[in-house]
Amino acid sequence: MTTTNFTRGGTQTKTFKVPQYSPSWMGGLQSASVSFPAVNILLSITAFLGNSLTLVALHKISSLHPPSKLLYRCLATTDLLVGLVAQPLYVTYLMSVVHEHWSLCHYAIEAAYITSVALCGVSLLTMAVISVDRLLALLLGLRYREIVNLKGVYITIASFWVLCLVASLRIIFDQRKTALYIRILIPLSLLISLASYTKIFRTLKHHQAQFQQQPSQPNALKMARYRKAVHSALWVQSALVVCYTPFLIMGIVVTHSKTYSSHLVVTSEIAIILVYFNSTLNPFLYCWKISEVRRAMKQTIRQALCCPWS
């Protein structure tokens with residue numbers, strides 16, 4: 001990026017950092033000038049509506065353990081803000097580049113990057129904590145509800161928001177440190193989740209062998225409910241991995257590329273869209289895999305359709 005002085009009547013008014021795009025980069029964005037913003041706008045609307053409905057449904061559910069429900073509410077909130085804030089800012093950036101509105105482009109890309117890094121960071125860390133929460137529920141047994149409480153989860157979530165906001169704001173001072181933070185955060189959170197679910201399924205296999213020797217109906221029912229909760233969380237985790245992995249790979253490729261072809265630009269934009277798509281996909285996964293959420297969503301939709309003005 002280089003600095004360009006904008007003047008009016010020979011008097012310097014303001015200085016902006018104008019991104020220097022190669023012809024191939026501009027060609028890639030020009031060729032997708034309509035499709036990429038249109039897709040982002042559509043995903044923005046569906047993410048906002050779907051996660052708004054999810055938050056209403058979670059508010060109505062009383063059967064979920066409060067700390068676990070709080071983690072899902074945090075995840076739904078970050079997804080809602082992606083659709084409400086991050087994606088509209090990114091669409092503004094795309095359109096400003098295409099139309100060469102450099103002053104708007106400068107502010108739009110920084111705002112989009114700051115919000116996206118912060119929200120995606122909180123989502124990644126929250127998913128990692130959900131996997132640890134499921135592991136603790138298995139290992140602690142009856143002590144789980146005493147040890148894992150709302151206060152501790154609130155403190156954990158608040159620390160995530162502070163950490164991710166501070167890290168994302170570093171883009172104003174040093175983009176390289178923010179990029180390093182992204183490349184560390186994504187693999188680290190995925191590694192924590194992988195380790196937790198590996199331990200969960202190994203422990204479940206051991207418990208299953210014990211139940212076969214000493215069958216107990218109450219324990220079998222509890223274990224069935226627990227397996228259902230784990231599989232629900234694992235589906236959400238798997239969707240996150242699928243959506244974020246191309247972005248991580250493209251980040252490494254772009255970093256080590258000396259030239260930017262139009263194909264590389266288009267592929268990078270598709271990887272970014274996949275990350276945003278995760279925020280739209282999650283409400284459908286909640287509805288499909290969590291029966292309590294599905295029932296609450298259906299009830300909310302029926303109430304909205306029957307009494308739209310009440």
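Residues numbered from 1 in each chain as written. Predicted model: local features only at pLDDT ≥ 70, side-chain atom pairs only at ≥ 80, totals over all residues. Heavy atoms only, no water.

- The name recorded for the protein chain in an unreviewed UniProt entry is G-protein coupled receptors family 1 profile domain-containing protein, from Pocillopora meandrina.

1. Notes on the confidence of the model for the protein chain
Logical step 1: Put simply, the protein chain has an average pLDDT of 81, and 79% of its residues get 70 or more.
Logical step 2: Counting interchain partners and residues more than four positions distant, the pLDDT-below-50 stretch residues 1-24 has 44 contacts. (pLDDT = per-residue confidence, 0-100. Contact = heavy atoms within 4.5 Å.)

2. Overview of the layout of surface pockets
Logical step 1: Its volume calculated, the second largest pocket comes out at about 1,100 Å³.
Logical step 2: Along the walls of the second largest pocket sit 31 residues, with Arg-134, Ala-137, Lys-222, Arg-225 and Tyr-226 positioned nearest its centre.
Logical step 3: Breaking the lining of the second largest pocket down by element, the ones donating at least two residues are helix H3 (66-98), helix H4 (102-140), helix H5 (144-147), helix H7 (175-213), helix H8 (217-255) and helix H10 (291-306).
Logical step 4: With nine residues, H8 is the single largest residue contributor to the lining of the second largest pocket.
Logical step 5: Per-class residue counts for the lining of the second largest pocket are 14 nonpolar, nine polar and eight charged. (1 Å grid on protein atoms, 1.4 Å probe; cavity = no way out; pocket = protein on both sides within 12 Å on 5 of 7 lines; lining within 4 Å. Points joined across faces, edges and corners; volume = space filled by probe spheres on them. Helix = DSSP H or I, 4+ residues; strand = E, 2+ residues; numbered from the N terminus. Nonpolar A, V, L, I, M, F, W, Y, C, P; charged D, E, K, R; others polar.)

3. Structural notes on the packing of aromatic side chains
Logical step 1: One pass over the full model with this rule turns up four aromatic pairs.
Logical step 2: Plain terms: the ring middles of Trp-235 and Trp-288 are 4.6 Å apart, the flat faces sit at 70 degrees to each other, and that makes the pair edge-to-face. Of this pair, Trp-235 sits in helix H8 while Trp-288 sits in helix H9 (residues 262-289), placing them 53 residues apart in sequence.
Logical step 3: With relative accessibility at 39%, the residue Trp-235 sits in the partly exposed group.
Logical step 4: A connected cluster of aromatic rings, assembled from ring pairs, spans Tyr-90, Tyr-93 and Tyr-276.
Logical step 5: Over the aromatic face of Trp-288 sits the side chain of Lys-289, whose NZ or CZ is 4.7 Å from the ring centroid. (Phe/Tyr/Trp six-rings, centres within 6.5 Å; stacked < 30°, edge-to-face > 60°. Buried < 20%, exposed > 50% of the residue type's maximum accessible area, 1.4 Å probe, protein only. Lys NZ or Arg CZ within 6 Å of the ring centre and 35° of its normal.)

4. Observations concerning the pattern of salt bridges
Logical step 1: This model, assessed by the stated rule, comprises one salt bridge.
Logical step 2: Close ionic contact of Arg-134 with Asp-133 constitutes a salt bridge, the shortest N to O distance being 3.0 Å.
Logical step 3: By relative accessible area, Arg-134 is classed as buried at 12%.
Logical step 4: The class of Asp-133 is buried, set by a relative accessible area of 6%. (Salt bridge = Lys/Arg side-chain N within 4 Å of Asp/Glu carboxyl O.)

5. Description of helix H6 (residues 150-169)
Logical step 1: Between its first and last C-alpha, H6 extends 29 Å over 20 residues, near the 28 Å set by a 1.5 Å rise per residue.
Logical step 2: Here H6 has its buried residues at Val-153, Ile-157, Phe-160, Cys-164, Ala-167 and Ser-168. Buried residues in H6, looked at end-on, bunch into an arc of 100 degrees, giving them a common side. Facing away from the buried side of H6 by over 90 degrees, the exposed positions are Lys-151, Tyr-154, Ile-155 and Val-162.
Logical step 3: Its side-chain oxygen at 3.3 Å from the backbone nitrogen of Lys-151, Asn-149 defines the N-terminal cap of H6. (Expected span 1.5 Å × (residues − 1). Arc of directions from axis to C-beta. Polar contact = N/O pair within 3.5 Å; in protein donor to acceptor, adjacent residues only side chain to side chain.)

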